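One letter stands for each residue in the lines below.
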Amino acid sequence: GVSHVLTLALQELSLLCKRDVNGVGMLYDLLRSRWLQALLKIYECLQHYLGKRPAPVTLQARALSREVVELLREAPQSGEIKELRRLLRSPHLKAALLSAHDTVAQKDFEPTLPPLPDNIPENEEAMRIVCLVKNNQPLGATIKRHEITGDITVARVIHGGLADRSGLLYAGDKLVEVNGVPVEGLEPEQVINIL
């Protein structure tokens, strides 16, 4: 692995170091440093772990947690059982940790898009379906009503904002639907509320 390659490189560098080649001593010291050795060991461990393709033991940790709480209710009450029941019923564990586990285990973290209609005419303009997950951050784009057509369009994409970083929205793009709601006939302020 990486450690073996590093060992071979160090052997080569030690020979060059004896000849006093420019910068080789510094490179030799760098490659021998404890922090780099530790970092490479961590890297190898992660590569080994990723190669195993870990799989979750269960896809329904929340349901299993509820079942365990019910079983503990019937068990003789000791301090440990009471503490375990309290932990399993805590909102932090149930809502955050177990929900996150189930979402990742089921690979259900990608937004689902509706299917494209089959009856799109051949001469229809090209349409893109864009999916941006905001996570409590602003979109980073402004919208306006087109003066002639009345369409809601992207007026400006703010540099560094979510829309800009995604590369999916551009000034002049026409908005047809937002979060499943058609925007035709809506005012820009109403569309902003949907966003």
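Residues numbered from 1 in each chain as written. Predicted model: local features only at pLDDT ≥ 70, side-chain atom pairs only at ≥ 80, totals over all residues. Heavy atoms only, no water.

Caption draft 1: Focus on the pairing of strand 1 (residues 141-145). Pairing geometry for strand 1 and strand 2 (residues 152-157), over five bridges, is antiparallel. Considered in strand 2, the bridge of Lys 144 is made with Thr 153. Count of turn residues in the strand 1/strand 2 antiparallel hairpin: six residues, of which Gly 150 carries a positive phi of about 80°. (Pairing = 2+ DSSP bridges. Helix = DSSP H or I, 4+ residues; strand = E, 2+ residues; numbered from the N terminus.)

Caption draft 2: Structural view of the pattern of salt bridges. Inspection of the entire model under this criterion finds four salt bridges. The shortest N-O distance in the salt bridge between Arg 73 and Glu 70 comes to 3.0 Å. Of the two residues, Arg 73 and Glu 70 both sit in helix 4 (residues 61-74), three residues apart, roughly one turn of that helix. Given the relative accessible area of 45%, Arg 73 is considered partly exposed. (Salt bridge = Lys/Arg side-chain N within 4 Å of Asp/Glu carboxyl O. Buried < 20%, exposed > 50% of the residue type's maximum accessible area, 1.4 Å probe, protein only.)

Caption draft 3: How the structure looks around the environment of Asp 151. Tracing the backbone through its elements, the reader meets Asp 151 in the loop between strand 1 and strand 2. On the basis of relative accessible area, Asp 151 is assigned to the partly exposed category, the value being 25%. Sequence spacing of Asp 151 and Leu 175 is 24 residues, and the spatial spacing of their C-alpha atoms is 7.5 Å. Filtering out sequence-adjacent residues up to four positions away, Asp 151 remains in contact with Lys 144, Arg 145, His 146 and Lys 174. Polar side-chain contacts of Asp 151 include one of 3.2 Å to the side chain of Thr 149. (Contact = heavy atoms within 4.5 Å. Polar contact = N/O pair within 3.5 Å; in protein donor to acceptor, adjacent residues only side chain to side chain.)

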